[in-house]
Amino acid sequence: MEAIVIASKRSLLLFFIVIVSLFLSPNFTYVSAFNYTKRHRQVSSLRFERIQKHLNMINKPPVFTIQSPDGDVIDCVPKRKQPALDHPLLKHHKIQKAPKRMPRMMGKERSDDIKEDAANVLESAWQMWHVNGTRCPKGTVPIRRNTMNDVLRAKSLFDFGKKRRSIDLDRRSEKPDALGTNGHEHAIAYTETSSEIYGAKATINVWDPKIEEVNEFSLSQIWILSGSFVGPDLNSIEAGWQVSPELYGDNRPRLFTYWTSDSYQATGCYNLLCSGFIQTNNKIAIGAAISPLSSFKGNQFDITILIWKDPKAGNWWMGLGDNTLVGYWPAELFTHLADHATTVEWGGEVVNTRASGRHTTTQMGSGHFPDEGFGKASYFRNLEIVDSDNSLVPVRDVKIVAENIECYDIKSSYSNEWGTYFYYGGPGFNARCN
């Protein structure tokens, strides 16, 4: 993430490569884009009016607009006019420019355990709208513009931008490994500690998993959790990359955030689709497509995500790379997370609707099982948590779980170079997964 400003020649070359790759990619087809929107039902004038009113609320007037080569429109909105500040709890909120300090890094041992693999990792996967070199002016934040079609793909206006609850509150166990049903499947690693947690970090390589149905998704993320898994008060802060045709209208992997303070019932949303998350960076668009991507038996591109609680102001910050601040979730949004987290989860999640009467072919991660290893399977590496002293502590012991290992699996390990890491994912439907 460090090289945000690139030389003009390199910009032109990268722009050309991205444009060509868009048209050569098997994921970039006009047929697919049409399939994601053709099922819209007739819109009544009243519903149209309600949707347009909602769009006017979340699409703030820009001072500058950038057209991305993938079709996205990025609006540069004055920082103090962004959607977050419409939240009733944030009416008098003063935007925090930056936390007092980043979490301290503890010393790391180095070895040659997997140096050959590590040398093939090309870090700093970035965003597609950057390729023409245009950035939002100082004092503004880039926000992906939402359209009528985006809302119409959702089940309802209320559901737009929200995760459908993946847990049945009457059936969820107190254990974090008792994952939900309702069509959501996971392959995750998680902490089990009595100590208070104030953040987490990991590096994740980015792929473009295939999605079978428009209302299914595949994501890879960090969860910061506190509250009860069996009640309506679970607090969650989430960030990672996802492919969601319903949310974005295509099958490109995108940077995303999420939050909820009531077990995904009414509060919270993806990205900036409701008031809540306050963006401070003018070079990163949450919800924008990531490019380049990892390739099978080829180069691996990854992003590093850090989420932590500022000890002084109490807000939960999100960072990319080593020192790039994206923005924060104000402490006012939460109940349990207003204090600290109790659990961290890292891993993948998919939705399996069984629309064809069998398990979905929607892939998790790279679409390959973890046994295939580097260059083939998706990974999380260098898992760390933030302790009460605002220090990043390498995680040595994690538990892993997957509901259906014949469809999606996870394998963890440790090395001096990658710390605690794991490979995860799978193809979904296959001879053993139906």
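Provided above is the structure to which this section pertains.
Summarised in this report is the structure supplied together with it. Computed from a prediction, not measured in an experiment: that's the story for all the values here.

## Points about the state of the cysteines
Thought 1: A complete count under the given rule lists three disulfides for this structure.
Thought 2: The side chain of Cys76 participates in a disulfide bridge whose partner is Cys136; the two sulfur atoms lie 2.1 Å from each other. Between Cys76 and Cys136, the S-S dihedral sits near -80 degrees, and the bridge is therefore left-handed. In this pair, Cys76 is assigned in strand β2 (residues 73-78) and Cys136 in the loop between β5 (126-127) and β6 (140-144), connecting sequence segments 60 residues apart.
Thought 3: Residue Cys136 is classed as buried on the basis of its relative accessible area, which comes to 4%.
Thought 4: With a sulfur-sulfur separation of 1.9 Å, Cys407 is cross-linked through a disulfide to Cys433. Between Cys407 and Cys433, the S-S dihedral sits near 95 degrees, and the bridge is therefore right-handed. Of the two residues, Cys407 is situated in the loop between β20 (399-402) and β21 (409-415) and Cys433 in the segment after β22 (419-425); the sequence distance between them amounts to 26 residues.
Thought 5: A relative accessible area of 0% places Cys407 in the buried class.
Thought 6: Looking at the protein, its bonded cysteines, counted consecutively from the start of the sequence, adopt the pairing 1-2, 3-4, 5-6.

## A look at empty space enclosed by the protein
Thought 1: All told, the structure shown has three cavities of 30 Å³ or more when counted by the stated rule.
Thought 2: Approximately 100 Å³ is the volume attributed to the second largest cavity.
Thought 3: Contributing to the lining of the second largest cavity are Ile143, Arg144, Asn146, Phe160, Leu247, Tyr248, Asn271, Leu272, Leu273 and Ile286.
Thought 4: Every element with two or more residues in the lining of the second largest cavity is listed here: β6 and α6 (245-248).
Thought 5: When its residues are assigned to classes, the lining of the second largest cavity shows seven nonpolar, two polar and one charged.

## Re the pattern of salt bridges
Thought 1: Considering all chains together, one arrives at 15 salt bridges under this definition.
Thought 2: Salt-bridge contacts for Asp75 lead to Arg145; the nearest nitrogen and oxygen are separated by 2.7 Å. Taken together, the residues span a long stretch of sequence, with Asp75 in strand β2 and Arg145 in the loop between β6 and α5 (148-152) at a distance of 70 residues.
Thought 3: We classify Asp75 as buried; its relative accessible area is 4%.
Thought 4: We classify Arg145 as partly exposed; its relative accessible area is 33%.
Thought 5: Of the charged contacts in the structure, one is a salt bridge between Glu406 and Arg432, with a shortest N-O distance of 3.4 Å. Remark: Arg432 occurs in the segment after β22 and Glu406 occurs in the loop between β20 and β21; sequence separation between them is 26 residues.
Thought 6: Residue classification places Glu406 among the partly exposed residues on the basis of a relative accessible area of 27%.
Thought 7: Residues joined by salt bridges that share partners form a network here, namely Asp72, Arg144, Asp150, Arg153, Asp250, Arg252 and Arg254.

## A word on the sheet that holds strand β17 (residues 343-351)
Thought 1: If you walk across this open sheet you meet the six strands as β11-β10-β9-β17-β7-β20, and the pairing is antiparallel. Of all the strands in the sheet, the pair left with one neighbour each is β11 (254-260) and β20. Here the strands of the sheet are splayed against their neighbours by 20 degrees on average, with no regard to which way each runs.
Thought 2: Alignment of strand β10 (residues 235-243) against β11, held across seven bridges, turns out to be antiparallel. Looking across to β11, one finds that Glu238 is bridged to Tyr258.

## A short note on the sheet that holds β2
Within a sheet, neighbouring strands are paired by backbone hydrogen bonds and run either parallel or antiparallel to one another.
Thought 1: Across the sheet, three strands lie side by side as β1-β2-β6; this open sheet has antiparallel pairing. Every interior strand has two partners, whereas the edge strands, β1 (64-67) and β6, have only one. Neighbour-to-neighbour, the strand axes of this sheet turn through a mean angle of 25 degrees, independent of strand direction.
Thought 2: In this sheet, β6 lies alongside β2 in antiparallel orientation, the contact comprising five bridges. Bridging across to β6, Pro78 finds its partner in Thr140.

## A closer look at unusual backbone geometry
Thought 1: At the junction of Ser291 and Pro292, the peptide bond is cis and its omega measures out at 0 degrees in the coordinates.
Thought 2: Tracing the sequence through the fold places Pro292 in the loop between β13 (290-291) and β14 (300-309).
Thought 3: Its identity as a non-glycine residue notwithstanding, Tyr264 has a phi of 65 degrees, on the positive side.
Thought 4: Take Tyr264: it is sitting in the loop between β11 and β12 (278-279).
Thought 5: Look at Asn390: it is not a glycine, yet its phi comes out positive at around 60 degrees.
Thought 6: Looking at where Asn390 falls in the secondary structure, it is placed in the loop between β18 (378-386) and β19 (391-394).

## Concerning the nonpolar core
Thought 1: Of all hydrophobic cores here, the largest spans 82 residues; its most connected members are Ile224, Trp241, Trp316, Trp329, Trp346 and Tyr424.
Thought 2: By size, the runner-up hydrophobic cluster in this structure holds 12 residues, among which are Ala84, Trp308, Tyr328 and Leu392.

## As for the environment of Thr257
Thought 1: Along the chain, the position of Thr257 falls in strand β11.
Thought 2: Separated by 36 residues in the primary sequence, Thr257 and Gln221 place their C-alpha atoms 8.9 Å from one another.
Thought 3: When sequence neighbours within four positions are dropped, the list of residues in contact with Thr257 reads Glu238, Ala239, Cys269, Tyr270, Asn271, Ile286, Met318 and Trp329.

## What to know about helix α3 (residues 45-58)
Thought 1: With 14 residues, α3 ought to run about 20 Å at 1.5 Å a step, and its terminal C-alpha atoms sit 20 Å apart, in line with that.
Thought 2: What α3 keeps buried is the set Ile51, Leu55 and Ile58. The buried residues of α3 occupy an angular sector of 65 degrees when the element is viewed end-on, so they sit on one face. Along α3, exposed side chains directed more than 90 degrees from the buried face belong to Ser45, Glu49, Arg50, Lys53 and Asn56.

Rules used in this analysis
Residues numbered from 1 in each chain as written. Predicted model: local features only at pLDDT ≥ 70, side-chain atom pairs only at ≥ 80, totals over all residues. Heavy atoms only, no water. Disulfide = S-S within 2.5 Å. Helix = DSSP H or I, 4+ residues; strand = E, 2+ residues; numbered from the N terminus. Buried < 20%, exposed > 50% of the residue type's maximum accessible area, 1.4 Å probe, protein only. 1 Å grid on protein atoms, 1.4 Å probe; cavity = no way out; pocket = protein on both sides within 12 Å on 5 of 7 lines; lining within 4 Å. Points joined across faces, edges and corners; volume = space filled by probe spheres on them. Nonpolar A, V, L, I, M, F, W, Y, C, P; charged D, E, K, R; others polar. Salt bridge = Lys/Arg side-chain N within 4 Å of Asp/Glu carboxyl O. Pairing = 2+ DSSP bridges. Axes fitted to C-alpha atoms, helices over the stretch in contact; angles between N-to-C directions. Core = buried A, V, L, I, M, F, W, Y, C linked by side-chain atoms within 4.5 Å. Contact = heavy atoms within 4.5 Å. Expected span 1.5 Å × (residues − 1). Arc of directions from axis to C-beta.

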